[in-house]
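Coordinates in review
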Amino acid sequence: MIEWSWQRAQDALPLLWDGFQITLLATVIGFFIAAALGLVIAVIRRSAPRWLSAPVYAVAEFIRLTPIVVQLLFVFALFPQFTPLSIGVTVLGVHYSSYMAEVYRAGIEEVPIGQWEAARALSLPAGRTWRAVILPQVLRNSLPALGNNAVSMFKDTPYLFTISVVELVTAAQTYGAAHFAYLEAFTLAGAFFLVASYPTSVLIRRLEKRLAR
């Protein structure tokens with residue numbers, strides 16, 4: 001029977017901490033890429049001519065419906081000149097932008113038609129209508145769902161092991177293989193994920209309830 005060793009757990013912590021920092025970095029940068037690109041996709045789908053919106057929609061659907069592991073391996077093979085981490089962060093961001101675009105699209109649909117009509121009645125330019133009238137409401141309505149996507153992205157970072165990024169789970173695997181201490185390594189890795197994601201999920205739920213009032 002495998003027994004828990006506090007000494008092995010303590011020895012694993014530095015390597016796991018390094019892996020956790022990579023996981024956090026990939027999540028934060030990937031989230032900002034996804035949030036910005038997803039907003040662009042949603043606006044194009046809502047207001048651009050069909051010759052532009054149709055192919056953007058098709059590409060976004062293709063990205064959303066294909067496995068992220070396949071995308072990681074494809075881009076890694078296609079661009080070997082870039083570092084695995086930069087590829088991983090970019091693919092994470094682009095992949096989740098297709099989900100966030102749907103979140104923004106739902107937020108745009110929730111804006112009352114009267115808001116659009118009022119902007120047209122005031123002869124506001126399209127750019128100002130989006131910046132001053134539509135987007136503030138969309139962002140407010142979309143915040144909880146965007147937060148949930150960020151948590152999902154955080155939990156998907158272990159897929160980066162497929163392109164040799166030493167994130168948290170890969171760090172646990174590496175330590176476990178080197179010291180035959182899988183129990184301690186993976187338990188601590190799970191604890192890292194729990195400590196980081198649970199408070200975030202609680203905050204998102206509270207934010208959702210507050211915005212619903």
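Residues numbered from 1 in each chain as written. Predicted model: local features only at pLDDT ≥ 70, side-chain atom pairs only at ≥ 80, totals over all residues. Heavy atoms only, no water.

Take the environment of Leu-73 next. Mapped onto the elements, Leu-73 comes out in helix 3 (residues 68-78). For Leu-73, a relative accessible area of 41% translates into the label partly exposed. Those residues in contact with Leu-73 that sit more than four places away from it in its chain are Thr-162 and Ile-163. (Helix = DSSP H or I, 4+ residues; strand = E, 2+ residues; numbered from the N terminus. Buried < 20%, exposed > 50% of the residue type's maximum accessible area, 1.4 Å probe, protein only. Contact = heavy atoms within 4.5 Å.)

Turning to the pattern of salt bridges, a few remarks are in order. Under the counting rule described, the total for this entry stands at 4 salt bridges. A salt bridge links Arg-45 to Glu-102; its shortest N-O distance comes to 2.6 Å. Within this pair, whereas Arg-45 is found in helix 1 (residues 6-47), its partner Glu-102 is found in helix 4 (residues 84-110), the two being separated by 57 residues in sequence. A single salt-bridge network, built from bridges that share partners, covers Arg-45, Glu-102 and Arg-105. (Salt bridge = Lys/Arg side-chain N within 4 Å of Asp/Glu carboxyl O.)

Now for the packing of helix 1 against helix 6 (residues 126-156). One way to put it is that helix 1 packs onto helix 6 with a least axis distance of 10 Å and a crossing angle of 140°. By the criterion of interaxial angle, the relationship of helix 1 to helix 6 is oblique. Relative to helix 6, the crossing made by helix 1 is right-handed. Counted together, Phe-20, Thr-23, Ala-26, Thr-27, Gly-30, Phe-31, Ala-34, Leu-39, Val-43, Arg-46 and Ser-47 of helix 1 and Trp-130, Leu-135, Leu-146, Ala-150, Met-153 and Phe-154 of helix 6 form the full contact between these two elements. (Axes fitted to C-alpha atoms, helices over the stretch in contact; angles between N-to-C directions. Parallel < 35°, antiparallel > 145°, perpendicular 65-115°, else oblique. Left-handed = near helix turned anticlockwise from the far one by under 90°.)

Another point: the packing of helix 3 against helix 4. One way to put it is that helix 3 packs onto helix 4 with a least axis distance of 10 Å and a crossing angle of 135°. When the axes of helix 3 and helix 4 are compared, the pair comes out oblique. Judged by the sense of rotation from one axis to the other, the crossing of helix 3 with helix 4 is right-handed. Here helix 3 contributes Ile-68, Gln-71, Leu-72, Val-75 and Phe-76 to the contact with helix 4, which in turn contributes Pro-84, Ile-87, Gly-88, Val-91, Leu-92 and His-95. Split by residue class, the contact of helix 3 with helix 4 holds 8 nonpolar, 3 polar and no charged. (Nonpolar A, V, L, I, M, F, W, Y, C, P; charged D, E, K, R; others polar.)

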